[in-house]
Amino acid sequence: MRLLIVEDEKKLCDTVAKSLYSAGYEVDTCYDGNEASDYIMAENYDLIVLDLNLPGKDGMEILKELRETNEETKVLILSARSQIADKVEGLDAGANDYLEKPFHLQELEARIRSLTRRKFVQKDVCLHCGEIKFNTKKREAYAKDEFVSLTRKENGILEYLLLNQGRPVSQEELIEHVWDASVDSFSGSIRVHMSSLRKKLKAVLGYDPIINKIGEGYTIVEKKQ
Ligand code: CA
């Protein structure tokens, strides 16, 4: 899951980013509306936390611009503007949620968890596929009810494949969603993490649950193929 935090109060922005990074998300930040606009056009985010009052381009303008071409990326507006009119305007413009400042980091995290799970209707915090389970809150993976110790990147890859069950996910897509902008994401590094993840799951399950089709990508499957 890759997020962008757009917030001009640098301290707040960094605190939010740090907390979301600890919660297992890959996080990019920017403090300015024009810069945010550039990031959004160039990258493919799963969710954007968007402040409204920004230097450069206004948050509402950024949201409207995004929604002209992109319905997929979730947007959570974060703003001190408490007037109901702003809330309505934001939701009408295609925001998925709205949180007023000041807020508790735990509430922001809970709302983000809920938004990023929404495309894959899921009531609890766990994602499942056959005998594989991933707890999105604790960032823990299980195979046959046995805890599997995974690295941060392996967790990210597994979560993304579980959220996109039933279709192949390409290497490029994984780079976009599981790696942040600070990492130089050459494909070799994906292969290393992927191969280690597959080995760890196979060791418990007795089969490799991730199928790789050349030219298509990786698909997670429920049982031995
Ligand atoms: Ca602001």
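The structure we're discussing is the one just above.
Just so it is clear, the model here is predicted, and its values are computed rather than measured.

**Student:** Break down the packing of helix α6 (residues 152-163) against helix α7 (residues 171-178) for me, with residues and values.
**Tutor:** The contact between α6 and α7 brings their axes to 10 Å, and the two run at 115 degrees. Seen along the crossing, α6 lies across α7 with a hand that is right-handed. Side by side, α6 and α7 meet where K153, G156, I157 and Y160 of the first sit next to E173, L174, H177 and V178 of the second. Its residues assigned to classes, the contact of α6 with α7 comprises four nonpolar, two polar and two charged.

**Student:** Describe the packing of aromatic side chains, and please don't skip the residues or the numbers.
**Tutor:** With the rule as written, the count across this model stands at one aromatic pair. When the ring centre of Y142 is taken as origin, the NZ or CZ atom of K133, which lies over that ring, is 5.2 Å away. The positively charged end of R152 is found above the aromatic ring belonging to Y21, 3.5 Å away from the centroid.

**Student:** Any chance you could break down the pairing of strand β7 (residues 132-135) for me, citing the residues and the numbers?
**Tutor:** As judged from the four bridges shared by strand β6 (residues 126-129) and β7, these two strands associate in the antiparallel manner. Note that in β7 the partner of H128 across the bridge is K133. Counted between consecutive antiparallel strands, the loop separating β6 from β7 contains two residues, among which G130 sits at a positive phi close to 55 degrees. Pairing of β7 with strand β8 (residues 140-143) involves four bridges; the strand directions are antiparallel. Counterpart to F134 in the pairing with β8 is A141. In this antiparallel pair of consecutive strands, β7 and β8, the connection spans four residues, and R139 shows a positive phi of 60 degrees.

**Student:** Help me get a handle on the sheet that holds strand β1 (residues 2-6), residues and values and all.
**Tutor:** What the five strands build is an open sheet, ordered β2-β1-β3-β4-β5; its pairing is parallel. Looking at strand neighbours, the two that pair on one side only are β2 (26-30) and β5 (97-100), the edges of this open sheet. Strand-to-strand twist of the sheet, defined as the mean angle between neighbouring strand axes without regard to direction, takes the value 20 degrees. Here β1 runs beside strand β3 (residues 47-51); their pairing, made up of four bridges, is parallel. Bridge pairing links I5 to V49 in β3. Along the sheet, helix α1 (residues 10-22) contacts β1 and β2; its crossing angle with β2, the most-contacted strand, is approximately 170 degrees.

**Student:** Give a detailed account of α7, specifying residues and quantitative values.
**Tutor:** Most of α7 is tucked away: six of the eight residues are buried. Taken together, the buried positions of α7 are occupied by Q171, E173, L174, I175, H177 and V178.

**Student:** Describe the coordination of the calcium ion, with residues and values.
**Tutor:** Here the calcium ion is held by the protein donor atoms D8 (OD), D51 (OD) and N53 (O), which lie 2.1 to 2.4 Å from it. Mapping the donors of the calcium ion onto the primary sequence yields the spacing D-x42-D-x1-N. Taken together, the residues span a long stretch of sequence, with D8 in the loop between β1 and α1 and N53 in the loop between β3 and α3 (59-69) at a distance of 45 residues. Classification of D8 as partly exposed rests on a relative accessible area of 30%.

**Student:** Run through unusual backbone geometry, naming residues and quoting values.
**Tutor:** A negative phi angle is the norm for most residues apart from glycine, just as the trans form is the norm for most peptide bonds. The step from K101 to P102 runs through a cis peptide bond, and the omega angle for that step is -5 degrees. Relative to the helices and strands, P102 is located in the loop between β5 and α5 (105-117). A positive phi angle, near 50 degrees, is found at K144, a position not held by glycine. Within the chain, D145 stands out as a residue other than glycine whose phi angle is a positive 65 degrees. The residue D145 is located in the loop between β8 and β9 (146-148) in this model.

**Student:** Provide a residue-level description of the pattern of salt bridges, including the pertinent values.
**Tutor:** Side-chain pairs of opposite charge can arise whenever the charged atoms involved come near each other. Inspection of the entire model under this criterion finds 16 salt bridges. The residue D97 makes a salt bridge to R111 at a minimum N-O spacing of 3.1 Å. Highlighted residues: D97 in strand β5 and R111 in helix α5, separated in sequence by 14 residues. The buried category is assigned to D97, whose relative accessible area is 17%. Taking the relative accessible area as the measure of exposure, R111 reaches 24% and is therefore partly exposed. Between E159 and R139 there is a salt bridge, and its shortest N-O distance comes to 3.0 Å.

Analysis parameters
- Residues numbered from 1 in each chain as written.
- Predicted model: local features only at pLDDT ≥ 70, side-chain atom pairs only at ≥ 80, totals over all residues.
- Heavy atoms only, no water.
- Axes fitted to C-alpha atoms, helices over the stretch in contact; angles between N-to-C directions.
- Helix = DSSP H or I, 4+ residues; strand = E, 2+ residues; numbered from the N terminus.
- Left-handed = near helix turned anticlockwise from the far one by under 90°.
- Contact = heavy atoms within 4.5 Å.
- Nonpolar A, V, L, I, M, F, W, Y, C, P; charged D, E, K, R; others polar.
- Phe/Tyr/Trp six-rings, centres within 6.5 Å; stacked < 30°, edge-to-face > 60°.
- Lys NZ or Arg CZ within 6 Å of the ring centre and 35° of its normal.
- Pairing = 2+ DSSP bridges.
- Buried < 20%, exposed > 50% of the residue type's maximum accessible area, 1.4 Å probe, protein only.
- Donors = N, O, S within 2.8 Å, 3.2 Å for Na, K, Ca; no water.
- Salt bridge = Lys/Arg side-chain N within 4 Å of Asp/Glu carboxyl O.

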